[in-house]
Amino acid sequence: QVQLVESGGGLVQPGGSLRLSCAASGSIFSSNVMGWYRQAPGKQRELVAGITSGGSTNYADSVKGRFTISRDNAKNTVYLQMDSLKPDDTAVYYCNLEWYRSLKYTYWGQGTQVTVSS
């Protein structure tokens, strides 16, 4: 079984920073993608950023230049450095892990709340 545990969310003022962490444990295929999704009230869940085990990254246009995703393959941990935060970034952020071995395997964390407000 696979488990993902997020941490690092909280309340920050506009322009502030947060660093989210997500540690994966269990039987994890070495070739995979880890990423962050977010869901604000009344909106659909959207991809924020993703990173492959090889280090290739992808960002939503709304966070490009402000957020940085990284990972430590040895620890199966993914990070999201969030700078210049805006009120529109307020959402529950979910960690995601995926790989493909004939079938697609998808796992989700429990979510961590990020609130950007004065």
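Bear in mind that the values here come from a model prediction, so they are computed numbers and not experimental data. (Residues numbered from 1 in each chain as written. Predicted model: local features only at pLDDT ≥ 70, side-chain atom pairs only at ≥ 80, totals over all residues. Heavy atoms only, no water.)

Explain the overall build of the protein to me, using residue names and the numbers behind them.
Broken down by element type, the protein carries 0 helices and 11 strands. Going from the N terminus to the C terminus, the protein shows its helices and strands as β-β-β-β-β-β-β-β-β-β-β. Rg of the C-alpha trace for the protein: 14 Å, near the compact-globule value of 13 Å for 118 residues, within the 12% margin. The 118 residues of the protein split such that 40% are buried. In the protein, of all internal contacts separated by at least 6 residues, the share reaching a separation of at least 24 is 53%. As displayed, the protein offers around 6400 Å² of accessible surface, 47% of which is attributable to carbon and sulfur atoms. A gap of 4 Å separates the mean positions of the 11 positive and 8 negative side-chain charges of the protein. (Helix = DSSP H or I, 4+ residues; strand = E, 2+ residues; numbered from the N terminus. Rg over C-alpha atoms; globule rule 2.2 N^0.38 Å. Buried < 20%, exposed > 50% of the residue type's maximum accessible area, 1.4 Å probe, protein only. Contact = heavy atoms within 4.5 Å. Areas by Shrake-Rupley, 256 points an atom, 1.4 Å probe, with all protein chains shown as cover. Lys, Arg positive; Asp, Glu negative; His and termini not counted. Charge placed at Lys NZ, Arg CZ, Asp CG, Glu CD.)

Got a sec to walk through the packing of aromatic side chains? Specific residues and values, please.
The geometry of an aromatic ring pair is captured by two quantities: the separation of the ring centres and the angle between the planes. With the rule as written, the count across this model stands at 3 aromatic pairs. With a centroid separation of 5.6 Å and 25° between ring planes, the pair formed by Trp-99 and Tyr-105 is classed as stacked. Given a relative accessible area of 8%, Trp-99 falls into the buried group. Residues Trp-99 and Tyr-107 carry aromatic rings whose centres are separated by 5.4 Å and whose planes lie at 35° to one another, so their mutual orientation is tilted. According to the relative accessible area criterion, Tyr-107 is partly exposed, its value standing at 23%. Grouping aromatic residues by their ring pairs yields a cluster made of Trp-99, Tyr-105 and Tyr-107. It is Arg-45 that lies over the ring of Tyr-94; its NZ or CZ is 3.8 Å from the centre. Looking at Arg-45, its charged tip hangs above the ring of Trp-108, at a distance of 4.7 Å from the centre. (Phe/Tyr/Trp six-rings, centres within 6.5 Å; stacked < 30°, edge-to-face > 60°. Lys NZ or Arg CZ within 6 Å of the ring centre and 35° of its normal.)

Talk me through unusual backbone geometry; I want residue IDs and the actual numbers.
For Asn-76, which is not glycine, the phi dihedral falls at a positive 50°. As for its placement among the helices and strands, Asn-76 is situated in the loop between β7 (67-72) and β8 (77-82). Even without being glycine, Ser-84 reaches a positive phi, approximately 50°. Within the fold, Ser-84 resides in the loop between β8 and β9 (91-101).

Interpretation in functional terms is not warranted from these geometric data alone.
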